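# Inside the fold
The residues making up each chain are set out below.
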Amino acid sequence: MKYTGYQPTTLFFFLGFLLAMVTSCTHYDKLPLSGKKLVEVLADLHVAEAALISYEEDKKDSIAARYYRDIAAIHDIDLEDLDTCIAIMRRNPVLMQQVYDQVLLQLEAEKMRR
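Residues numbered from 1 in each chain as written. Predicted model: local features only at pLDDT ≥ 70, side-chain atom pairs only at ≥ 80, totals over all residues. Heavy atoms only, no water.

## Concerning the overall build of the protein chain
Along the protein chain, the regular secondary structure elements total 5 helices and 0 strands. Mapped in sequence order, the helices and strands of the protein chain form the string α-α-α-α-α. Sequence separation of at least 24 residues holds for 70% of the intrachain contacts in the protein chain that already meet a minimum separation of 6. Accessible area for the protein chain stands at about 8800 Å²; split by element, carbon and sulfur atoms hold 61% of it. (Helix = DSSP H or I, 4+ residues; strand = E, 2+ residues; numbered from the N terminus. Contact = heavy atoms within 4.5 Å. Areas by Shrake-Rupley, 256 points an atom, 1.4 Å probe, with all protein chains shown as cover.)

## What to know about a negative patch on the surface
On the surface, Asp76, Asp78, Glu80 and Asp83 cluster together to form a negatively charged patch. Mapped onto the elements, Glu80 comes out in helix α4 (residues 79–91). Residue classification places Glu80 among the exposed residues on the basis of a relative accessible area of 53%. (Patch = residues over 30% accessible without salt bridge, like charges linked within 9 Å, V, L, I, M, F, W, Y side chains within 5 Å. Salt bridge = Lys/Arg side-chain N within 4 Å of Asp/Glu carboxyl O. Lys, Arg positive; Asp, Glu negative; His and termini not counted. Charge placed at Lys NZ, Arg CZ, Asp CG, Glu CD. Buried < 20%, exposed > 50% of the residue type's maximum accessible area, 1.4 Å probe, protein only.)

## Here we look at the side chain of His75
Tracing the chain through its elements places His75 in helix α3 (residues 57–75). Ignoring anything within four residues of it in the chain, the contact list for His75 reads Lys37, Glu40, Val41 and Asp44.

## Observations regarding helix α2 (residues 35–52)
Over its 18 residues, α2 runs 26 Å from end to end, which matches the ideal 26 Å to within 8%, given 1.5 Å per residue. All of the buried residues in α2 are Leu38, Val39, Val41, Leu42, Ala43, Leu45, Ala48 and Leu52. For α2, the secondary structure elements touched by its buried residues are α3, α4 and α5 (93–113). (Expected span 1.5 Å × (residues − 1).)

## A short note on the packing of α4 against α5
Contact geometry of α4 with α5 gives a least axis separation of 5 Å together with a crossing angle of 120°. Taken together, the axis directions place α4 and α5 in an arrangement best described as oblique. On the side of α4, the interface is formed by Ile88, Met89, Arg90 and Arg91, while α5 contributes Pro93, Leu95, Met96, Val99 and Tyr100. Counted by class, the contact of α4 with α5 contains 7 nonpolar, no polar and 2 charged residues. (Axes fitted to C-alpha atoms, helices over the stretch in contact; angles between N-to-C directions. Parallel < 35°, antiparallel > 145°, perpendicular 65-115°, else oblique. Nonpolar A, V, L, I, M, F, W, Y, C, P; charged D, E, K, R; others polar.)

## A short note on the pattern of salt bridges
One pass over the structure, following the stated rule, counts 1 salt bridge. For the salt bridge of Lys60 with Glu57, the shortest nitrogen-to-oxygen distance reads 3.0 Å. With a gap of 3 residues between them, Lys60 and Glu57 both fall in helix α3, about one helical turn apart.

## Structural notes on the packing of α2 against α5
Close contact between α2 and α5 brings their axes to 9 Å; oriented N to C, the two are set at 65°. As α2 runs across α5, the sense of the crossing is right-handed. Here Leu38, Val39, Glu40, Leu42, Ala43, Asp44, His46 and Val47 of α2 come into contact with α5, specifically with Val99, Tyr100, Gln102, Val103, Gln106, Leu107 and Glu110. Class assignment of the residues belonging to the contact of α2 with α5 gives a composition of 9 nonpolar, 3 polar and 3 charged. (Left-handed = near helix turned anticlockwise from the far one by under 90°.)

## Things to note about unusual backbone geometry
Negative phi characterises most residues that are not glycine, and trans characterises most peptide bonds. Phi is positive for Asp76, close to 55°, though the residue is something other than glycine. Structurally, Asp76 is set in the loop between α3 and α4.

Given below as structure tokens:
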């Protein structure tokens, strides 16, 4: 008997499996912060991190903690929610790229306003 290719059931099984894998790779855990708020918070954190460069190493940790608390208070968020968002984005590089594309746009817009 001559081999004539894939059996239809095998092909459909493979395509179904492939589709399931692709759709499961794009599933993200729900972020505790909304997209816009998360972008604003991360943009502020990047500005704060840039400001920390000018401080002495032994003072950076305490000043950074204060900056983070102040940013959380300004945006009315919990730091735990921010940590959760960052952990989710680390597990989902596509999501992280999407969010950080927006953060860069936000920072560019703020730069242009100055």
